[in-house]
Every structure is written in structure tokens, then in C-alpha cells.
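Architecture and fold: a report
The primary structure of each chain is shown beneath.
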Amino acid sequence: MPRGRYSLHDPHDGTPLGEEHFHCAPGPSGWRYVAQLTTPDGDHRGSVDLAIDELGRPIRLELAAGGWQVRGAAIDGVTWVRTDPAGTEATEGNVQAPSFTGSSPAFLVATARLLHLTPGAPATRVRLVNLTDPVLAPRTVDQAWALLRSETHPTDSGPLVVDEYQVTALDTGEVHTVHLAGDVVLAAPGIELEHLETPPSAFPD
């Protein structure tokens, strides 16, 4: 069960946004990721609880940030309920998309698992519901993912396979690179892996 800490910052100007303390593990029905978010000063600022099935579809999502809360799952596309800080109103949403995305590294792992790409194959287009900071406002986005290469690196705990993805935002044309090792993000825009207590878990083929 990987357990560690990511530092998060604005991918454009480098402003520190805080840290995400996480643990995750594959299971008989898929994969689960749980994290607590802190501000740069160390104060609590939110949480992430994401469970996906063996195909990468979200079977349960619970996010909290800025006093807002979102609960969602893959139902008729993806369906969610967003609750305001006072807890007096809730708005429902539904989009014909296979999954969610957001600032948490968990969503990069989940999307890669969902697409199950082959190295060197043409990019695959995917529509996602982006739950944007700081108040988890939903926005539909289209991305193109391509798995550029998979490389095996020797480590003290055995071989480590690192996948390099190219992700393109189709609305702006912005292109960035994501490096994953199993269920851990090694590097991505705005995300740095600061500490990892145990090696990443490998997904079954």
C-alpha cells in the first residue's frame, strides 16, 4: 500500500498550494485512493476519496474543499451532487463522460487506468468532468492522452516500470507530460512526489 506526500503548486507561476498526504491500494474490485489536503501553512483544506473499478470507472468519489463537498459515481455517464458550505442546498449534475478529473494526482492514475493505452499508439480522446479548485465547480473538458513510452528502471526493491504520457487539453492545445509508476504519480505539472514510504503498486494486466 503506497503511502506518501505530494506537494502541489500552480503549474503556471509555481505558487505553492499545499500538500496532499495520501495512501492508495489495489483491491479485488479495483483501486482506492484516500488523501488529506493541507495549505502551505499546514492547515486542513480538504480531502479526496476515490474508488475505481477494474476498468478504471469511478464507483465512488467524495471530494471536500473550500467548505464544498462533491459526491459522484459513474451512473449514466458520470453523476454527482455538489453541496454548498452551509449544507442547505445541493445541486445535481450529469454528463455523458466516463470519469472525473481535478487537481489531485489520483485523477491522473485513474484516467490512465481507464484508457489502458499502448506505447506508441495514436492519442485517445477522452471527455472528463473537471472539479476545479477552489470550490469544486464542475466543468466538462476534452483531453487527448498518448502513452509515449514505458521504461523499466532498477531499484533496491526490484524493477520499476515508469510510463510517460503526453496529455493535450483540446480546448487550448496545451500539452504536458505525466510520469506514472503503477499507482503513483512521479511527476506532472503542478505535482511533485516529495515522499513515498513504500513502492508503487502495479496494476494487473
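Residues numbered from 1 in each chain as written. Predicted model: local features only at pLDDT ≥ 70, side-chain atom pairs only at ≥ 80, totals over all residues. Heavy atoms only, no water.

Identification of the protein as Glycolipid-binding domain-containing protein from Streptomyces bambusae is taken from an unreviewed UniProt entry.

1. Overview of the pattern of salt bridges
Evaluated as defined, the whole model comprises 9 salt bridges. Across the pair Asp 49 and Arg 32 runs a salt bridge, and its minimum N-O distance is 2.7 Å. Here the residue Asp 49 occupies a position in strand E4 (residues 44-53), and Arg 32 occupies one in strand E3 (residues 30-38), the gap between them amounting to 17 residues. Here Arg 127 ties to Asp 142 by a salt bridge, and the two come within 2.8 Å at their closest N and O atoms. Of the two residues, Arg 127 sits in strand E10 (residues 124-132) while Asp 142 sits in strand E11 (residues 137-153), which places them 15 residues apart along the sequence. The network of salt bridges with common partners includes Arg 32, Asp 49 and Arg 60. (Salt bridge = Lys/Arg side-chain N within 4 Å of Asp/Glu carboxyl O. Helix = DSSP H or I, 4+ residues; strand = E, 2+ residues; numbered from the N terminus.)

2. With respect to the nonpolar core
Formed by 45 residues in total, the largest nonpolar core has its most connected members in Tyr 33 and Trp 145. Leave out the neighbours within four places in its chain, and Tyr 33 touches Tyr 6, Glu 20, Phe 22, His 23, Cys 24, Val 48, Asp 49, Leu 50, Ser 104, Pro 105 and Ala 106. (Core = buried A, V, L, I, M, F, W, Y, C linked by side-chain atoms within 4.5 Å. Buried < 20%, exposed > 50% of the residue type's maximum accessible area, 1.4 Å probe, protein only. Contact = heavy atoms within 4.5 Å.)

3. So, the packing of aromatic side chains
How two aromatic rings sit relative to each other is set out by the distance from centre to centre and by the angle between their planes. Tallied over the entire structure, the rule returns 6 aromatic pairs. Judged by centre distance (4.5 Å) and plane angle (20°), the ring pair of Tyr 6 and Phe 22 falls under stacked. Highlighted residues: Tyr 6 in strand E1 (residues 3-9) and Phe 22 in strand E2 (residues 16-27), separated in sequence by 16 residues. Here Tyr 6 and Phe 22 have matching classes, each one buried. Relative to Tyr 33, the ring of Trp 31 lies with its centre 5.8 Å away and its plane at 45°, an arrangement referred to as tilted. Judged by its relative accessible area of 1%, Tyr 33 falls in the buried class. Members of the aromatic cluster, joined through ring pairs, are Tyr 6, Phe 22, Trp 31, Tyr 33 and Phe 203. Arg 82 extends its terminal NZ or CZ atom over the ring of Trp 68, reaching a point 3.7 Å from the ring centre. (Phe/Tyr/Trp six-rings, centres within 6.5 Å; stacked < 30°, edge-to-face > 60°. Lys NZ or Arg CZ within 6 Å of the ring centre and 35° of its normal.)

4. Structural notes on the environment of His 21
Structurally, His 21 is set in strand E2. Each C-alpha atom, one on His 21 and one on Val 48, is 9.9 Å from the other, the two residues being 27 residues apart in sequence. A polar contact is formed between the side chain of His 21 and the side chain of Glu 19, at a distance of 3.4 Å. (Polar contact = N/O pair within 3.5 Å; in protein donor to acceptor, adjacent residues only side chain to side chain.)

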